[in-house]
Amino acid sequence: MKLPFDCADEAARVLPRVVQWRRALHRIPEAGLDLPLTTDYLERELRALGLSTARAGSALAAELGFRGPTVAIRADTDALPVAEETGLEFASGRPGFMHACGHDAHAAALLGVAAILAGRRSELPFRVRLIFQPGEEGFFGARDVIAAGFLDDVAAIVGAHVGDLSEELAPGQAGFLAGPMMAASDRFEGRFVGSGGHGSAPHRARDPIPALARFILDSQEIAARELAATDSCVVSVCSVSAGEAHNVIPGVASFRGTARTLRPDSRAFVERRLSELGKGIAAAHGLEFEWHWLGGYPPLVNEVRATRAAMEAARETLGPDKVVELRYPIMGGEDFAYYLERVPGCFWFLDTQAPERGIDKPNHNPRFDLDESLLGRVVAVNLAAAARLADLPGGSGTDR
Ligand code: NI
């Protein structure tokens, strides 16, 4: 549907305020599902724009427009338990916490959309629902947003991520990928349990350490030898713990890790095979095996028509040279996947690096920063994409 203004012009107009909002949010990073400072701040700013808000825990929603289908734009709002080392003048004022993944920018850009639309509600040919979501960094915040009813009546959804997420993007470019774009981010943990003894007499103990070593190495064979080479899978054992002394065989060796897959069937296969592998190795070594599959976010799968529509909107808004159709997914996880399981939509990336100015650290790094001059692109493309998504079949909606 056609908006009664130019998205790029309007985004340029609100950019200075978006930068102010981003810096204000950057100073008050909070992690997890409970973000009182952040949510109060966002609610205050939305109300100052004349909007009414719905709040569920630290999730916020605001709706603009009076007719037509509802398209949601989502921003996540949580930070990370990272001690900031940027030295920025608006650096974190909460020691040990930092907006190291750019969610401050996502939230600020969504306030920018609110600022553009606030005075034009009666002109809008569709409804726009702004969703501010806590707990993206592993806390399943999207599920709470859905449970709160904030996705009800939504015909389509769009959301973006800033930073340095795809090696196919140059600074300033927007990346789109129809189909699987991000991986299931499952977590697992387990233990090999034997019995301890003297390091000089392993025959009188049941040593769990060689079994864990085999498990770590053999877990790599699932991707290399059991799944098709074209079916992406990563298994990483990221934490191991066993023993305390040079000469004591411990009774227990434990591990934690993550498995990343792009397809539901491969996801279930990896879960099953890791468990079978651990049991088999334990049996061969005369040990017990304890296994916990902790699950995680499902794969993020962009709906094809919504992605084409959003990419077209981005080309029109930014110019074709700023828009890249990505060839490869990334193996990071993102709980936007839960929205896409329910409604058609598109998640996209904006590369906000500026290496010539030293802004070159990856997401989650204690010196992560972003090129604020690019944040207007998040505002403009999300808004232009929302207008296109309002046209998708099934999204016609009725006047309520
Ligand atoms: Ni993130």
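Residues numbered from 1 in each chain as written. Predicted model: local features only at pLDDT ≥ 70, side-chain atom pairs only at ≥ 80, totals over all residues. Heavy atoms only, no water.

## What to know about the packing of helix 1 (residues 7-27) against helix 9 (residues 375-389)
Close contact between helix 1 and helix 9 brings their axes to 8 Å; oriented N to C, the two are set at 130 degrees. When the axis of helix 1 is compared with that of helix 9, the two are oblique. Regarding helix 1 and helix 9, the two cross each other, and that crossing is right-handed. Here Cys7, Ala8, Ala11, Val14, Leu15, Val18 and Arg22 of helix 1 lie close against helix 9, whose contacting residues are Leu375, Gly376, Val379, Ala380, Leu383 and Ala384. (Axes fitted to C-alpha atoms, helices over the stretch in contact; angles between N-to-C directions. Helix = DSSP H or I, 4+ residues; strand = E, 2+ residues; numbered from the N terminus. Parallel < 35°, antiparallel > 145°, perpendicular 65-115°, else oblique. Left-handed = near helix turned anticlockwise from the far one by under 90°. Contact = heavy atoms within 4.5 Å.)

## Quick notes on the packing of aromatic side chains
The full count for this structure, using the stated rule, is 19 aromatic pairs. Centroid distance Phe192 to Phe289: 4.9 Å. Interplanar angle 40 degrees. Geometry classified as tilted. Taken together, the residues span a long stretch of sequence, with Phe192 in strand 8 (residues 184-193) and Phe289 in strand 13 (residues 288-297) at a distance of 97 residues. No difference in accessibility class separates Phe192 from Phe289, as the two residues are buried. A cation over an aromatic ring shows up here: Arg94 above the ring of Phe97, its NZ or CZ 5.0 Å from the ring centre. (Phe/Tyr/Trp six-rings, centres within 6.5 Å; stacked < 30°, edge-to-face > 60°. Buried < 20%, exposed > 50% of the residue type's maximum accessible area, 1.4 Å probe, protein only. Lys NZ or Arg CZ within 6 Å of the ring centre and 35° of its normal.)

## A few points about the sheet that holds strand 6 (residues 174-176)
Pairing is mixed in the open sheet, where eight strands are placed in the order 1-2-4-3-5-16-6-15. Both edges of this open sheet fall to strand 1 (54-56) and strand 15 (323-325), since each of them pairs with a single strand only. Here the strands of the sheet are splayed against their neighbours by 25 degrees on average, with no regard to which way each runs. The sheet contact formed by strand 1 and strand 2 (residues 59-64) spans three bridges and is antiparallel. Bridge pairing in strand 2 links Ala54 to Ala61. Running over the sheet, helix 3 (residues 103-118) touches strand 2, strand 3 (70-76), strand 4 (127-133) and strand 5 (154-163) and is turned about 145 degrees from strand 3. (Pairing = 2+ DSSP bridges.)

## Description of the sheet that holds strand 12 (residues 252-261)
Spatial ordering of the open sheet is given by 10-12-8-13, a layout of four strands whose pairing is antiparallel. Of all the strands in the sheet, the pair left with one neighbour each is strand 10 (233-241) and strand 13. Strand-to-strand twist across the sheet, computed as the mean angle between neighbouring axes with direction ignored, equals 20 degrees. Note that strand 10 and strand 12 share eight bridges and pair antiparallel. Along strand 12, the bridge assignment pairs Val240 with Phe255. Along the sheet, helix 5 (residues 209-226) contacts strand 8, strand 10, strand 12 and strand 13; its crossing angle with strand 10, the most-contacted strand, is approximately 165 degrees. This element, helix 6 (residues 264-285), spans strand 8, strand 10, strand 12 and strand 13 of the sheet and lies at about 165 degrees to strand 13.

## Here we look at the nonpolar core
Counting residues in hydrophobic clusters, the biggest one holds 77 residues, and the most contacted among them are Leu51, Leu117, Leu130, Phe132, Phe176 and Trp348. Top contributing element to this core by residue count: helix 3, with twelve residues. Listed in part, the 29 residues of the second largest apolar core include Ala142, Ile146, Ala337 and Val343. (Core = buried A, V, L, I, M, F, W, Y, C linked by side-chain atoms within 4.5 Å.)

## A short note on the coordination of the nickel ion
Within the first shell, the nickel ion binds the protein through Cys101 (SG), His103 (NE2) and His161 (NE2), at distances of 2.1 to 2.4 Å. Each donor residue of the nickel ion belongs to the same chain, and together they define the spacing C-x1-H-x57-H. Each member of the pair, Cys101 together with His103, is buried. (Donors = N, O, S within 2.8 Å, 3.2 Å for Na, K, Ca; no water.)

## Details of the domain arrangement of the chain
Assigned domains within the chain: domain 1 (7-183 + 299-389) and domain 2 (184-294). Spacing between the C-alpha centres of domain 1 and domain 2 amounts to 37 Å. With ten residues of domain 1 at the interface, the matching set in domain 2 holds eleven residues. Taken over both partners, the interface formed by domain 1 and domain 2 buries close to 730 Å², and the fraction arising from carbon and sulfur atoms is 71%. Three residues, Ala183, Pro299 and Met331, lead the burial of domain 1 against domain 2; their summed loss comes to 68% of the area buried on that side. Where domain 1 touches domain 2, the interface holds two residue pairs in polar contact (both at pLDDT 80 or more). Tallied by class, residues from the side of domain 1 that touches domain 2 come to eight nonpolar, two polar and no charged. (Domains from an automatic or database assignment. Buried area = accessible area lost by both parts, 1.4 Å probe. Polar contact = N/O pair within 3.5 Å; in protein donor to acceptor, adjacent residues only side chain to side chain. Nonpolar A, V, L, I, M, F, W, Y, C, P; charged D, E, K, R; others polar.)

## Section: helix 3
With 16 residues, helix 3 should cover 22 Å at 1.5 Å per step; its first-to-last C-alpha distance of 22 Å lies within 8% of that length. When you tally the buried positions in helix 3, you get 16 out of 16 residues, the bulk of the element. (Expected span 1.5 Å × (residues − 1).)

## Observations regarding the packing of helix 3 against helix 9
Between helix 3 and helix 9, the shortest axis-to-axis distance is 9 Å and the interhelical angle comes to 55 degrees. It follows from the interaxial angle that helix 3 and helix 9 lie oblique. Crossing angle aside, the handedness with which helix 3 passes helix 9 is right-handed. In this structure, helix 3 uses Ala105, Ala109, Gly112, Val113, Ile116 and Leu117 to contact helix 9, whose residues at the interface are Leu375, Val378, Val379 and Leu383. Partitioning the contact of helix 3 with helix 9 into residue classes produces nine nonpolar, one polar and no charged.

## A few points about helix 7 (residues 304-318)
Count 3.6 residues to each turn of an α-helix, and residues three or four apart come out pointing the same way. Taking 1.5 Å of rise per residue, the 15 residues of helix 7 would be expected to cover 21 Å, and the 21 Å separating its terminal C-alpha atoms lies within 8% of that figure. Ala306, Thr307, Ala309, Ala310, Met311, Ala313, Ala314, Thr317 and Leu318 are the residues of helix 7 that are buried. Those residues of helix 7 that are buried lie in contact with helix 1, strand 6, strand 14 (300-302), strand 15, strand 16 (345-351) and helix 9. For helix 7, the N-terminal cap is Glu303; the gap from its side-chain oxygen to the backbone nitrogen of Arg305 is 3.2 Å. With its phi angle positive at about 95 degrees, Gly319 sits one or two positions after the end of helix 7.

## Brief notes about the side chain of Asp104
Of note, Asp104 is situated in helix 3. Separated by 3.1 Å, the side chains of Asp104 and Arg22 make a polar contact. A distance of 2.6 Å separates the side chain of Asp104 from the side chain of His26, its partner in a polar contact. Here Asp104 is in contact with Arg22, Leu25, His26 and His99, once residues within four sequence places are set aside.

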